[in-house]
Amino acid sequence: MINKSSPLPIYYQLEQGIKEMIEKGQLKPGEMIPSERELAETYNISRMTVRQAINNLVNDGYLVRKRGKGTFVAAMKIEQPLKGLTSFSEDMRARGMEPGTTVLAFNIVPASTSLAQLLDVREGADLYEIRRIRLADQLPMALETLYIPCTLVPHLTREIVNGSVYDFIEKELGLTIQSGVQVIEASVARKMEAELLQVKEGAPVLLMQRRSYLNNGRPLEVVKSVYRGDRYKLTIEMERSK
């Protein structure tokens, strides 16, 4: 793993070696890695060099430190392709994970000026406001806030939003969700977000805002989500334009 005659920094070689072991499954999620002292002795390098490699892997989401216990391989990140419009529940089931929901709030609120414009309704029109924690295998993955026109999706209840809203809209109401536009930004977790997502305050998160449309062109929803940066990575397929 370590070649001291290489022009590559030793900490980088160690970092890449551990990363490769994780990606090949030689180190599995939840498994504790050797201590800094053990790694330093094994490769005859300084603990400061080992610490730098470990810090980088923690920052990149490959490892996680547990106070008083050690450093462990982090759970694998969920890869989210940036194509196709799918629900959170569909995404998780496609990856063999069990989706779950904790409903924090279910209210009817008047549309603000900005929401009225986004949803093509009059200002003050009734909107469902839904705040949920989305879970995968009982682990918090995202904090989500939805706004949906009440006239467009009647009879929505707290019990329904505890599951898949898309399933209700398409299977029960017979509407067709056709397209969406999503904006993604990098940010850090604020205090409340950190508590709900079970991460440290200031931890990296992904902010996503999506507006979805029915097949008749009507805006269906505005969704604002905060995703854990340590559990998500985004992929996109690109073609060079001619």
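Just so you know, the residues in each chain are numbered from 1, in the order the chain's sequence is written. Local features are withheld for residues below a pLDDT of 70 in this predicted model, meaning they are given only at 70 or higher, and side-chain atom pairs are given and counted only at 80 or more; totals for whole chains, interfaces and linings count all residues. Neither water nor hydrogens contribute to the side-chain values; these are computed over all heavy atoms in the structure.

Engineer: When you look at the packing of aromatic side chains in this model, what are you seeing that I'm missing?
Structural biologist: The geometry of an aromatic ring pair is captured by two quantities: the separation of the ring centres and the angle between the planes. Any pair of Phe, Tyr and Trp rings, taking the six-membered ring for Trp, is counted once the centres come within 6.5 Å. Such a pair is stacked with planes under 30 degrees apart, edge-to-face with planes over 60 apart, and tilted for the rest. This model, assessed by the stated rule, comprises one aromatic pair. Plain terms: the ring middles of phenylalanine 106 and tyrosine 128 are 5.8 Å apart, the flat faces sit at 25° to each other, and that makes the pair stacked. On the criterion of sequence distance, the pair formed by phenylalanine 106 in strand 4 (residues 99–110) and tyrosine 128 in strand 5 (residues 126–136) is long-range, its members being 22 residues apart. A cation over a ring is seen here: lysine 66 above phenylalanine 72, with NZ or CZ 4.8 Å from the ring centre. Helix and strand assignments come from DSSP, with helices taken as H or I runs of at least 4 residues and strands as E runs of at least 2, each series counted from the N terminus. Should the NZ of a Lys or the CZ of an Arg lie within 6 Å of a ring centre and within 35 degrees of the ring normal, that charge is described as sitting over the ring.

Engineer: It is not clear to me how the layout of surface pockets should be interpreted in this structure. Could you clarify?
Structural biologist: Gaps left between atoms show up when a probe the size of a water molecule is rolled over them. Each pocket or cavity is described by its volume, and for the largest pocket that value is around 850 Å³. Every residue lining the largest pocket is counted, 27 residues in all, and those nearest its centre are Val58, Leu63, Val64, Arg65 and Asp230. Breaking the lining of the largest pocket down by element, the ones donating at least two residues are helix 3 (47–59), strand 1 (63–66) and strand 2 (70–73). Here the lining of the largest pocket is built from residues that sort into 12 nonpolar, six polar and nine charged. The rule is simple: put a 1 Å grid over the protein atoms alone, call a set of points where a 1.4 Å probe fits but cannot get out a cavity, call an open set with protein on both sides within 12 Å along at least five of seven lines a pocket, and count a residue as lining if it has an atom within 4 Å of a point. Grid points are joined across faces, edges and corners, and a volume is the space filled by probe spheres set on the points. Classification convention: Asp, Glu, Lys, Arg as charged; Ala, Val, Leu, Ile, Met, Phe, Trp, Tyr, Cys, Pro as nonpolar; all other residues, Gly among them, as polar.

Engineer: Please clarify how the pairing of strand 6 (residues 139–149) should be interpreted in this entry.
Structural biologist: Consecutive residues of a regular strand have side chains that alternate between opposite faces of the sheet. Most of strand 6 sits inside the fold, with 10 of its 11 residues counted as buried. Judged from the 10 bridges that link them, strand 5 and strand 6 form a sheet pairing that is antiparallel. Looking at the pairing, isoleucine 133 lines up with leucine 143 of strand 6. Pairing between strands is defined by DSSP: at least two bridges between the two strands are required. Here strand 5 folds back onto strand 6, and the loop between the two strands holds two residues, one of which, aspartate 137, carries a positive phi near 50°. Note: strand 6 against strand 9 (residues 219–228), six bridges, orientation antiparallel. When the sheet's bridge partners are listed, threonine 145 is paired in strand 9 with lysine 224. In this scheme, a residue with accessible area under 20% of its type's maximum is buried, one over 50% is exposed, and one in between is partly exposed, where area comes from a 1.4 Å probe on protein chains only.

Engineer: Help me understand the environment of glutamate 185, please; the structure alone is not making it clear to me.
Structural biologist: Within the secondary structure layout, glutamate 185 lies in strand 7 (residues 177–188). For the pair glutamate 185 and valine 205, spaced 20 residues apart in the sequence, the C-alpha separation amounts to 8.6 Å. Contacts: residue pairs with any heavy atoms within 4.5 Å of one another. Those residues within four positions of glutamate 185 in sequence are excluded, and the remaining contacts are Val205, Leu206 and Leu207.

Engineer: How should the nonpolar core be read in this particular structure?
Structural biologist: Nonpolar side chains tend to gather and get buried jointly when the protein is soluble and globular. In terms of nonpolar packing, the biggest core is built from 18 residues, with Ile130, Ile148, Val153, Leu156 and Leu220 touching the most fellow members. Elements that contribute at least two residues to this core include exactly strand 5, strand 6, helix 7 (165–172) and strand 9. With four residues, helix 7 is the single largest residue contributor to this core. In this structure leucine 220 touches Leu119, Tyr147, Ile148, Pro149, Leu152, Val153, Ile169, Ile177, Ser212, Tyr213 and Leu214, once residues within four positions along its chain are discounted. For our purposes a nonpolar core is just a set of buried Ala, Val, Leu, Ile, Met, Phe, Trp, Tyr and Cys residues, chained together by side-chain atoms within 4.5 Å.

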